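These are the residues of each chain, in order.
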Amino acid sequence: MTIANTEEIDNIDFLYILRDHGWSSCLIYVNGKIYGYDLTHIFENPLEKLLSHLTGILSGELEVSFKWHDEPGHSLVTIKRNTEQNHLINISITNSFQVNTKSDEEFSTLNIHVKNKVFMTCVLKQMEKIRDLMTEQDYKDNRAKFPHTTFKSFKLAFDNCFSKRS
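Residues numbered from 1 in each chain as written. Predicted model: local features only at pLDDT ≥ 70, side-chain atom pairs only at ≥ 80, totals over all residues. Heavy atoms only, no water.

Asks: Help me understand the confidence of the model for the chain, please; the structure alone is not making it clear to me.
Replies: Detail in the predicted coordinates should be disregarded across regions flagged by low pLDDT. Taken over all residues, the pLDDT of the chain has a mean of 87, while the share at 70 or more is 86%. Note that residues 1–5 has pLDDT below 50 and, in this model, 14 contacts with residues that lie over four places away or in other chains. (pLDDT = per-residue confidence, 0-100. Contact = heavy atoms within 4.5 Å.)

Here it is as structure tokens:
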């Protein structure tokens with residue numbers, strides 16, 4: 001199943017929930033609908049993957065791709081710059097769930113066409129919130145570490161990318 005948005009989206013939001021014991025949830029609100037992804041930290045830190053690849057887009061890369069792991073399966077996230085309209089990006093998230101055999105494979109794809117600054121601002125504000133919450137010991141207990149160094153690189157790339165256009 002493919003959920004395609006061919007028009008530019010401006011009614012979007014991004015929520016990242018750092019849950020207990022090595023799990024996270026990512027919710028993306030698009031035009032009144034919410035798409036959710038459960039992520040495990042067992043293989044790698046999903047925040048690290050997200051921020052490092054978004055930093056690449058902010059720094060001028062034309063396309064990035066990475067996996068967010070679940071148990072079972074994963075989501076393949078691909079982000080491409082729109083080469084005809086530089087202020088836009090295309091985000092594609094394809095879920096893959098494999099259980100035992102190929103006949104049990106299930107795929108679904110969310111495609112979003114959005115302004116780069118709008119999406120990156122949504123992510124930035126969520127990451128600032130998580131970073132600040134991690135200073136509270138009760139919140140920090142039993143949660144995966146926040147990737148401070150990668151976040152600083154993302155924030156610097158964000159500032160460099162959008163301060164030129166302000």
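Asks: How should the sheet that holds strand β3 (residues 23–30) be read in this particular structure?
Replies: Consider a sheet: its strands pair through backbone hydrogen bonds, and that pairing is either parallel or antiparallel. Here we have three strands laid out as an open sheet, ordered β2-β3-β4, and antiparallel in their pairing. Edge positions in the sheet fall to β2 (12–18) and β4 (33–40), since each of these pairs with one other strand and no more. Pairs of neighbouring strands in the sheet enclose a mean axial angle of 15°, with direction left out of account. Where β2 lies against β3, seven bridges are found, and the strand directions are antiparallel. Opposite Ile12, over in β3, you have Val30 as the bridge partner. (Pairing = 2+ DSSP bridges. Helix = DSSP H or I, 4+ residues; strand = E, 2+ residues; numbered from the N terminus. Axes fitted to C-alpha atoms, helices over the stretch in contact; angles between N-to-C directions.)

Asks: What is the right way to look at the pairing of β3 in this model?
Replies: Where β2 folds back on β3, the antiparallel hairpin that results is connected by four residues, among which His21 adopts a positive phi of roughly 55°. The pairing of β3 with β4 spans eight bridges and is antiparallel. By the bridge assignment for β4, Ser25 is matched with Asp38.

Asks: Looking at this structure, I do not really get the side chain of Asn45. What am I missing?
Replies: Topologically, Asn45 is positioned in the loop between β4 and α1 (46–58). Separated by 2.9 Å, the side chain of Asn45 and the backbone nitrogen of Leu47 make a polar contact. Here Lys145 takes part through its backbone oxygen, which lies 3.0 Å from a polar atom of the side chain of Asn45. Beyond its immediate sequence surroundings of up to four residues, Asn45 is in contact with Lys145 and Pro147. (Polar contact = N/O pair within 3.5 Å; in protein donor to acceptor, adjacent residues only side chain to side chain.)

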